[in-house]
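Spelled out, the chains give:
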Amino acid sequence: MSSPLLQVRDLKISYSGREVVHGVSFDVHPGEVVAVVGESGSGKSTTAHAVVGLLAGNGSVDSGSVLLEGDELVGLSDRAWRTVRGARIGLVPQDPTLSLNPVKRIGDQVAEALHVHGLAKGAVARARAVELLEAAGLPDAHVRARQYPSELSGGMRQRVLIAIGLAAGPRLLVADEPTSALDVTVQRQVLDHLEGLTREAGTAVLFITHDLAVAADRASRVVVMSQGEVVEVGTAQQVLTHPQHEYTRSLLASAPSLSSARIRVEPRQRTTPPAPRAAEPLVQVTSLVKEFPLPGRGNVQRAVSDVSFAIGRGETVGLVGESGSGKTTTARLVLGLERPTSGRIRFDGADTAGLKGSAWRELRRRVQLVYQNPYASLDPRIAVGETIAEPLRAFGIGDRASRRRRAAELLDQVRLPADALERRPAELSGGQRQRVAIARALALEPEFVVCDEPVSALDVSVQAQILELLVQLQTDHGLSYLFISHDLAVVRQISDRVGVMRRGELVEFATADEVFSTPQHEYTVELLEAIPGRRALEDVS
């Protein structure tokens with residue numbers, strides 16, 4: 001094997017004097033894809049940021065070495081880094097929403113990378129930017145180059161970051177969770193383009209991810225990190241089929257797959273009696289249509305088209321589909337956050353379109369929502385106890401002391417320690433914040449909860465804990481769920497029945513077993529084939 005392109009040796013990194021990465025070592029060879037995997041807090045992104053010289057202001061490399069083609073990167077001045085970053089090491093960050101300038105056209109942002117490194121200027125740089133966008137898989141690149149980031153989808157924005165990262169022809173590309181927020185079909189397309197581009201150019205890739213299946217599909221070697229240390233290194237097949245470390249085995253066990261059975265739990269002591277099974281469903285959606293006006297006289301976009309389904313008491317119905325399929329709009333219609341253009345929604349036999357005043361407010365008590373992003377859905381200024389008690393205060397339930405007791409009970413139900421009452425969201429992990437969001441949704445003892453991508457931003461081990469918690473709460477309280485997700489393997493674990501949406505239409509609706517074992521629609525088959533991990537398993541077999 002050739003000499004390593006990148007050599008990381010005994011790297012130790014601290015934040016504010018506290019060591020968080022403890023002697024990490026690994027190599028990346030020319031043209032090789034090495035994945036670094038681990039859950040939040042494992043040190044994988046911190047290690048990647050040290051490699052590209054982008055540690056936070058309170059971060060420091062205490063000791064160790066990072067060699068790029070034999071040149072030491074630790075201790076470089078800001079001026080020296082400008083000759084390395086972009087030109088010799090490219091970066092594809094995780095979040096294109098934060099990484100792209102919202103007031104600058106896409107083409108200009110790609111051209112800037114060429115201009116900074118003296119590769120092209122003016123019209124030449126703009127023309128080259130279009131070529132790079134086209135190579136990264138952006139459709140109608142010449143048109144997209146004149147648009148702003150807000151006018152592109154998440155997958156398109158991620159392709160723009162890939163174009164910027166590869167613009168100067170770096171020898172090494174660091175991709176930090178580049179597809180964690182994308183649907184499986186878009187994820188596959190983006191990773192296919194990234195793989196093709198780097199293979200053609202002979203570029204090595206350091207791929208940071210919490211998704212072991214993606215790592216197994218895309219990497220030749222996998223580095224597993226836990227609590228700031230490397231616990232296992234091996235080929236993708238070795239790590240996937242014969243993990244040596246207990247932590248790697250736990251990651252694999254936590255990762256949902258299509259072969260996973262629905263989660264089952266034993267009931268704990270019930271705080272409320274389970275609702276008796278009734279012949280009439282709790283939620284009945286009939287011929288639902290939602291259209292949004294577009295610029296131009298009479299132009300509309302049909303986001304939801306003739307959708308019908310029912311949700312029984314104590315049942316979970318999953319809705320899956322890629323971005324723009326209409327699943328979240330459907331959820332907002334069911335919640336009453338949007339008014340349907342036509343169609344009918346009945347809750348417990350009552351048509352929600354006719355509810356007003358106190359009747360509508362009473363429905364709000366019985367129907368709750370768990371948002372996708374616990375970072376954005378919790379007020380950072382308010383302590384957790386106040387956040388959970390807020391719905392009780394809004395409905396005039398109890399006094400301050402009783403609301404605090406109820407908040408403490410809910411914290412216990414979602415398996416958070418009592419001292420979390422006094423903490424603020426910034427003091428909690430992503431998984432803990434999502435538990436707070438669930439506790440808040442349960443404060444008014446609802447019968448129906450809409451979960452909109454509640455685990456998409458979480459690592460697989462934390463994801464598994466949240467899914468088990470949702471099933472436990474359903475078992476204890478007889479809750480009904482509408483579970484929105486683009487992750488089919490997650491939906492398989494929690495749903496009784498599953499609906500598949502595409503371009504606003506419900507193209508398939510059946511039991512979870514039927515949808516995943518014998519899909520009837522070609523789009524469902526396409527979604528199933530796009531799930532990461534299959535390629536590695538095929539290579540092993």
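Bear in mind the structure is a predicted one, so any value in this text is a computation, not a measurement.

A. Quick peek at the overall build of the protein chain. Per the secondary structure count, the protein chain includes 22 helices and 20 strands. Relative to its length of 541 residues, the protein chain is compact, with a C-alpha radius of gyration of 25 Å against a globular reference of 24 Å. Taking all 541 residues of the protein chain together, 51% fall into the buried category. When contacts within the protein chain are restricted to residue pairs at least 6 apart in sequence, those whose partners lie at least 24 apart make up 70%. Summed over all atoms, the accessible surface of the protein chain reaches about 24200 Å², with 48% contributed by carbon and sulfur. Measuring between centres, the 61 positive side-chain charges of the protein chain sit 6 Å from its 65 negative side-chain charges.

B. Spotlight on the side chain of T46. Within the fold, T46 resides in helix α1 (residues 44-51). Apart from residues lying up to four places away in sequence, T46 is in contact with I13, Y15, V20, V21 and L55.

C. Focus on the sheet that holds strand β10 (residues 229-235). Spatially, 6 strands are ordered β6-β7-β8-β3-β9-β10 in an open sheet, and the strand pairing comes out mixed. A strand with exactly one partner marks an edge of an open sheet, and here the two such strands are β6 (89-92) and β10. Averaged over neighbouring strand pairs, the angle between their axes works out to 20° when direction is ignored. Bridge count between strand β3 (residues 33-37) and strand β9 (residues 221-226): 4 bridges; the pairing is parallel. Paired with V36 across the strands is V223, a residue of β9.

D. Quick peek at the environment of A141. Mapped onto the secondary structure, A141 falls in helix α6 (residues 141-144). A relative accessible area of 3% means that A141 is categorised as buried. Considering only alpha carbons, one finds A141 and A129, 12 residues apart in sequence, at a separation of 9.0 Å. Each residue touching A141, except ones within four places of it in the same chain, is listed here: V130, L133 and E134.

The rules we used
Residues numbered from 1 in each chain as written. Predicted model: local features only at pLDDT ≥ 70, side-chain atom pairs only at ≥ 80, totals over all residues. Heavy atoms only, no water. Helix = DSSP H or I, 4+ residues; strand = E, 2+ residues; numbered from the N terminus. Rg over C-alpha atoms; globule rule 2.2 N^0.38 Å. Buried < 20%, exposed > 50% of the residue type's maximum accessible area, 1.4 Å probe, protein only. Contact = heavy atoms within 4.5 Å. Areas by Shrake-Rupley, 256 points an atom, 1.4 Å probe, with all protein chains shown as cover. Lys, Arg positive; Asp, Glu negative; His and termini not counted. Charge placed at Lys NZ, Arg CZ, Asp CG, Glu CD. Pairing = 2+ DSSP bridges. Axes fitted to C-alpha atoms, helices over the stretch in contact; angles between N-to-C directions.

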